[in-house]
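Examination of the molecular architecture
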Amino acid sequence: MQAPINIALVGNPNSGKSSLFNALTGLNQKVGNFPGVTVDKKTGTAQIAAGVTANIIDLPGTYSLYPKSADEYVTYDVLINQNTSDTPRLIIIVADASNLKRNLLFCSQIIDLKIPVIIGLTMMDIARKKGVEIDLDGLERELGVPVVAINPRKNKGVAEIKKVIDLALRSHYSTPPRDFINNSALAKEVIEEVKKVTACKSDYGALHIAVNVDELSFINAGQRLAIKNAQETYAFNKTKIQAEEIMQRYARIKHIMKATAVENDPLQKQLRSEKIDDLLLHRFWGYAILLAVMFLLFQSIFWLASYPMDWIEGGFGALSGWLSSTLPDNKVTDFFINGILAGISGFAVFIPQIMILFGLITILEDTGYMARISFLTDRLMRQVGLNGKSVMPLISGVACAVPAIMATRTIENKKERLITIMVTPLMSCSARLPIYTMMIALVIPDKRFGILGLQGLVMMGLYLLGFFMAIFIAAVMKLFVRIKEKSYFIMELPVYRSPRWANVGTTMVEKAKIFVKDAGKVIVVISVILWFLASYGPASRMQPVHQKYEPLIAKVAPESREAAVLNKEFQSAKLSNSYAGMLGHAIEPAIRPLGFDWKIGIALITSFAAREVFVGTMATLYSVGEDPDNNNATLREKLSSAAWPDGRPVYTLAAGLSLMLFYAFAMQCMSTMAIVKRETKSWKYPAIQLVYMTTLAYICSLIVFNIFK
Ligand SMILES: Nc1nc2c(ncn2[C@@H]2O[C@H](COP(=O)(O)OP(=O)(O)OP(=O)(O)O)[C@@H](O)[C@H]2O)c(=O)[nH]1
Ligand SMILES: [Mg+2]
């Protein structure tokens, strides 16, 4: 058995690379129907033939070998830097047959890098519908590299391409002897110099090193100096050379297209996608439909999920009621039911909503509608310092800010990318959903106006609020960020495809698993710690409580009403004097103006690192604080009977709204801060985010609480 070889998948965006990656490796790399789904490299292994395994590297799509955006740089680095562990022994160019001409430009550039390539031609089905017939043998002859037709969406041609890979590796198939165009003539002396001072062997690779000499990390100072000297001596003009190169390539591609692709009646066939776009991108109807789609999306998160949520909630309530009546009445039982089980049930309830949310977003991506949303909103976005491409990150921010912030890599303009990163966490992510759902159920009446539910409308209002706040803050930041760069919006509109339901299903299950695993771990750990903090306290404070209540309880009949009342008072006094209670009381002065009591204060503290923890914290706190006979009440019921010491309810409309707003705007997510640091390469931006978002949250909550009080 040989050591695995590296095979890189490259090609234009949305050409089917990740689909092929999944077909080869059996993994589940994200696939979607718009350009720029993959923004980072990902490796998996595949069995190519008996005894031959390969590391398959999936890469972000690139239009040409001159990178413009951060995701294109990831690919560029793998291709140009010849000395890393990722350096491919073989490249598979995944080329979209329905856009052959543009795809061939990139193919020809890769071929000239003198790394062995195989072309996997996807979308033959769509090309055929467009009336384009492609002569594969002819193409192979013209380009001098193997060409295989594949359809990774339907798993077709995967065995064939493996065979060709195996053959290529076995016969030590190398690269075409002649360059696609005469690269060396473009800048002869400089190319020679680069080849002399670096390990680069191809003329075209050397040309790229010369063009990007300042950006490439693997070029050392000595090499850089030598190359720059040569550039000066021979008047190296990179803009002119690039233009010349692209022109020569297209000239040859035109000739190849003529010889190998037959287009029947190019003007006759209007694709189904174009007809649909006439409506969906319409000046009026386009926007009307967009609003309707968004509206349906949020309404359905609410009502579709309400049934499974009720079952889960009821199930956990019954379970803990049953357990507390069967298990022996001691500390261990208490810890298990009120510490662990309460924590788990607190977040398990929200699994259905999270799944539905991710499922619907996947459908938007898979059909190709997401790209249309970018197109429709570009004008609005541009006015506030963003770009149509900011919409994808913003919408996926509704699921989770972490992948959303990575998705900004496709935005070419640095200023627009930075502002998008700064405002994306304002979008209401799925971790806020539990808090919204809980509070809405508590303080918003379940009224209906025909098909519209008031609770659903408030939910949608919160999401819209996040969006408009993001737009507003972007407009403010536009005035402060000083990066000057020309901005443009070029985005391919992919053809409409029916969603692959298997993909939708796996995404839903995957996301639920991640939610349970990641959030679950934190929530359970915090709930356990919290149970301890809430159950114990300094003896100096706890003893008086015991001394006060124990004799009182001993006096009344054990099963009587007085006993129940006393017991409840006893439990809350204990909680209030516990370590957790002291913590909550300590910050109460700061949050009281927002309408929050000390229990909410504890939840604010625990959810500072991750807001998922909020509901779990509440569940634990209210379980510890309640009298033991009330265990099968749902958290919602417990919260609605929560009261201030003077008997006023805690969760009034004003307090509920204030709490929702606080969670809508506050920056409470360590993972987001870490990813912002990584993408902006500085702690400055996550720090700014933390300060501005939390201040914003505090002020908005304060205002709303005082209005509704
Ligand atoms: N009709 C058709 N659709 C295909 C074919 N191959 C892939 N697709 C679809 O094309 C879309 C894009 O596929 P991806 O695998 O995400 O493309 P990608 O090249 O990884 O895209 P980026 O990561 O954005 O660069 C998906 O909706 C696939 O289902 C094909 O041969 N025919
Ligand atoms: Mg991809």
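The structure contained in this document is the topic of the report that follows. (Residues numbered from 1 in each chain as written. Chains lettered and ligands numbered in written order. Predicted model: local features only at pLDDT ≥ 70, side-chain atom pairs only at ≥ 80, totals over all residues. Heavy atoms only, no water.)

1. Some thoughts on the sheet that holds strand S5 (residues 117-122)
Whenever strands of a sheet pair, they do so through backbone hydrogen bonds, lying parallel or antiparallel. Within the open sheet, the six strands sit side by side as S2-S3-S1-S4-S5-S7. Their pairing is mixed. Taken across any chain shown, the strands that pair with only one partner, and hence form the sheet edges, are strand S2 (42-49) and strand S7 (147-149). Within the sheet, the average angular offset between the axes of one strand and its neighbour, ignoring direction, is 25 degrees. Strand direction decides the pairing type here: strand S4 (residues 90-96) and S5, joined by six bridges, are parallel. (Pairing = 2+ DSSP bridges. Helix = DSSP H or I, 4+ residues; strand = E, 2+ residues; numbered from the N terminus. Axes fitted to C-alpha atoms, helices over the stretch in contact; angles between N-to-C directions.)

2. Section: the coordination of the magnesium ion (ligand 2)
For the magnesium ion (ligand 2), every protein donor is listed as Ser18 (OG) and Thr38 (OG1), and the spread of their distances is 1.9 to 2.0 Å. With a gap of 20 residues between them, serine 18 in helix H1 (residues 17-25) and threonine 38 in the loop between H1 and S2 connect regions that are remote in the sequence. This pair shows no difference in class: serine 18 is buried, exactly as threonine 38 is. (Donors = N, O, S within 2.8 Å, 3.2 Å for Na, K, Ca; no water. Buried < 20%, exposed > 50% of the residue type's maximum accessible area, 1.4 Å probe, protein only.)

3. Some words on the environment of valine 504
For valine 504, the location among the structural elements is in helix H21 (residues 501-535). For valine 504, a relative accessible area of 5% gives the class buried. It is 28 Å that separates the C-alpha atoms of valine 504 and histidine 282, two residues lying 222 residues apart in sequence. Beyond its immediate sequence surroundings of up to four residues, valine 504 is in contact with Gly359, Thr362, Ile363 and Pro499. (Contact = heavy atoms within 4.5 Å.)

4. Some thoughts on the site of ligand 1
Around ligand 1, the surrounding shell holds 26 residues, and the nearest of these are Lys17, Ser19, Val37, Thr38 and Asp125. Within the backbone of glycine 16, a nitrogen or oxygen atom sits 2.9 Å from an oxygen atom of ligand 1. At a separation of 2.7 Å, an oxygen atom of ligand 1 approaches a polar side-chain atom of threonine 38. When ligand 1 sits alone it has 660 Å² of accessible area, and the protein chains cover 98% of it. Residue assignment for the shell around ligand 1 shows that the elements contributing at least two residues are H1 and helix H4 (124-129). Ranked by residues supplied to the shell around ligand 1, first place goes to H1 with three residues. Residue classes in the shell around ligand 1 are distributed as nine nonpolar, twelve polar and five charged. (Near = heavy atom within 4 Å. Polar contact = N/O pair within 3.5 Å; in protein donor to acceptor, adjacent residues only side chain to side chain. Areas by Shrake-Rupley, 256 points an atom, 1.4 Å probe, with all protein chains shown as cover. Nonpolar A, V, L, I, M, F, W, Y, C, P; charged D, E, K, R; others polar.)

5. Considering a nonpolar patch on the surface
A contiguous nonpolar patch, built from Val525, Ile529, Phe532, Leu533, Tyr536, Tyr579 and Met582 and spanning about 610 Å² of accessible area, is present on the exposed surface. Residue assignment for the nonpolar patch shows that the elements contributing at least two residues are H21 and helix H24 (579-591). The element best represented in the nonpolar patch is H21, accounting for four residues. Position of tyrosine 579 relative to the elements: it lies in helix H24. A relative accessible area of 40% means that tyrosine 579 is categorised as partly exposed. (Patch = residues over 30% accessible without salt bridge, like charges linked within 9 Å, V, L, I, M, F, W, Y side chains within 5 Å. Salt bridge = Lys/Arg side-chain N within 4 Å of Asp/Glu carboxyl O.)

6. Concerning helix H9 (residues 221-233)
The end-to-end C-alpha separation of H9 is 18 Å, in line with the 18 Å expected for 13 residues at 1.5 Å each. Among the residues of H9, those classed as buried are Gln223, Ile227, Ala230 and Gln231. The buried residues of H9 occupy an angular sector of 105 degrees when projected down its axis, which confines them to one face. Facing away from the buried side of H9, by more than 90 degrees, are the exposed residues Ala221, Leu225, Glu232 and Thr233. Those residues of H9 that are buried are in contact with helix H7 (188-197) and helix H8 (203-211). Two to three positions downstream of the cap, the backbone nitrogen of glycine 222 sits 3.1 Å from a side-chain oxygen, assigning the N-cap of H9 to asparagine 220. Taken from the residues just after H9, alanine 235 is the one with a positive phi, measuring 50 degrees. (Expected span 1.5 Å × (residues − 1). Arc of directions from axis to C-beta.)

7. Considering the pattern of salt bridges
Under the counting rule described, the total for this entry stands at 21 salt bridges. The salt bridge involving lysine 196 is made with glutamate 193; its shortest N-O contact spans 3.6 Å. Residue lysine 196 and its partner glutamate 193 are located together in helix H7, separated by three residues, close to a single helical turn. Judged by relative accessible area, which is 65%, lysine 196 ranks as exposed. Classification of glutamate 193 by relative accessible area gives buried; the value is 19%. Taken together, the salt bridges that share partners define one network made up of Asp40, Arg409, Arg417, Arg678 and Glu679.

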